[in-house]
Amino acid sequence: MRNLLPLATAFAVLAISETNAYFLPITASSFRVHAMTRSMKLSGTSTTSSNRRRGRGGGIVMMPNGPPQVPYKAKGTDYWQFVDIYQRLSMDRVILVGNFIDEEVANGMVATLLNFKSEGREPIKLYFNSPGGLLRPCCAVYDAICSCKETTPVHTMNLGLASGMVSMLCGAGTRGRRFALPNARYLLQRVGMEDVFQGQATDIGLEVTSVKKANDRMERELAKMTGHLPEKIKADMKRDFYLSSDEAVRYGLIDQVLLPSGKNYDTQAYIEQNSFGDFRGEEKQTYQDVKGSGFGAKVTNDDDDDDDDYEPPLE
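Read on for a plain summary of the structure.

Thresholds, definitions, all that
Residues numbered from 1 in each chain as written. Predicted model: local features only at pLDDT ≥ 70, side-chain atom pairs only at ≥ 80, totals over all residues. Heavy atoms only, no water. Disulfide = S-S within 2.5 Å. Phe/Tyr/Trp six-rings, centres within 6.5 Å; stacked < 30°, edge-to-face > 60°. Helix = DSSP H or I, 4+ residues; strand = E, 2+ residues; numbered from the N terminus. Buried < 20%, exposed > 50% of the residue type's maximum accessible area, 1.4 Å probe, protein only. Axes fitted to C-alpha atoms, helices over the stretch in contact; angles between N-to-C directions. Left-handed = near helix turned anticlockwise from the far one by under 90°. Contact = heavy atoms within 4.5 Å. Nonpolar A, V, L, I, M, F, W, Y, C, P; charged D, E, K, R; others polar. Pairing = 2+ DSSP bridges. Right-handed = clockwise from strand over helix to strand, strands pointing away.

**Overview of the state of the cysteines**
In step 1: For the structure on display, the rule yields zero disulfides.
In step 2: Its sulfur unpaired, Cys138 is 7.3 Å from the next cysteine sulfur, which belongs to Cys139.
In step 3: Among the cysteines around Cys146, which has no disulfide bond, Cys148 carries the closest sulfur, lying 9.4 Å off.

**Regarding the packing of aromatic side chains**
In step 1: Across all of its chains, the model carries one aromatic pair by this definition.
In step 2: Between Phe241 and Tyr251, the ring centres sit 5.4 Å apart and the planes meet at 45°, which makes this aromatic pair tilted. Taken as a pair, Phe241 in strand E8 (residues 241-244) and Tyr251 in helix H10 (residues 245-251) lie far apart in primary sequence, 10 residues in all. Residues Phe241 and Tyr251 agree in their burial class; the two are buried.

**Notes on the packing of helix H6 (residues 135-149) against helix H8 (residues 201-226)**
In step 1: It is the contact of H6 with H8, at a shortest axis distance of 11 Å, that shows an interaxial angle of 35°. Handedness of the crossing formed by H6 with H8: left-handed. Only Glu207, Ser210, Val211, Ala214, Asn215, Glu221 and Met225 of H8 make contact with H6, whose side of the interface consists of Leu135, Arg136 and Tyr142.
In step 2: Of the residues assigned to the contact of H6 with H8, the class counts are five nonpolar, two polar and three charged.

**Structural notes on the pairing of strand E4 (residues 124-130)**
In step 1: Because side chains alternate across E4, one face comprises the buried residues Ile124, Leu126, Phe128 and Ser130, and the other comprises Lys125, Tyr127 and Asn129, none of which is buried.
In step 2: Two strands pair when backbone bridges link them, and strand E3 (residues 94-97) and E4 are joined in this way by four bridges, in the parallel orientation. Directly across from Val94, in E4, lies its bridge partner Lys125.
In step 3: With helix H5 (residues 103-119) bridging E3 and the parallel E4, this β-α-β connection has right-handed handedness.
In step 4: Two strands pair when backbone bridges link them, and E4 and strand E5 (residues 154-163) are joined in this way by six bridges, in the parallel orientation. Paired with Ile124 across the two strands is Val154, which belongs to E5.
In step 5: With H6 bridging E4 and its parallel neighbour E5, the resulting β-α-β unit is right-handed.

See the structure below:
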């Protein structure tokens, strides 16, 4: 009978109030927390570090794996909500590209650009910090940017690195609104075959010819952007052609470098320190057979046979 008394008491408590049953564990845990805090205070132990490492439920607080969430208050509403930071940027007509541009990324960019174009004529801002992209998907993005430029100003900004086709996308913005940060870098280069191609020799030759024509079109577009002759663009891109942000302005790829406005900032020292300078090696390693960097140098033609000069027939 004595063993059944605690069980009967428990059922009586549950019968009195179902709500109180839910609060019983919380009350007990709060008593344990207060007791532990009191003991820590008596022993001189601080609870700040432990509270930082643990959440409300007592578990370890982990950083989210997905994109950061930021608060946003929609127009006409009285409450705030957390949204994806990239979604929040798109609300201000901003696209941040930080990944390699493949078909999936390119399709998302094209869809977003077309949506911005249909919504209004406010400027579209593109921020790039990308290691490059595939030839054909980037050409689709380039055509979308050119389509938006007809009715909407398109701003471009190189945050850090614009390699390969991304360099052309940086120069595709509206003239006068193509910017770069002081430590940004550009790499102009021809793009090769995207995937391993297998098949008959004729089919492989057709694929190589198609890639070469696409690269030739890219060089002609770069010639229009920069004002240089197509022959110079082709000679510069015979090897990897690096440009600092200041060199990109002088080359004609962009319009302005956004420098800090502080009084103690030495602009001339920045220009001198951010030039790629002379990287000549031995005779066989000379960059385009000229002194100094590839930028601003005069290219000298040589008659030496080079395996890299091979180009497939266009017919």
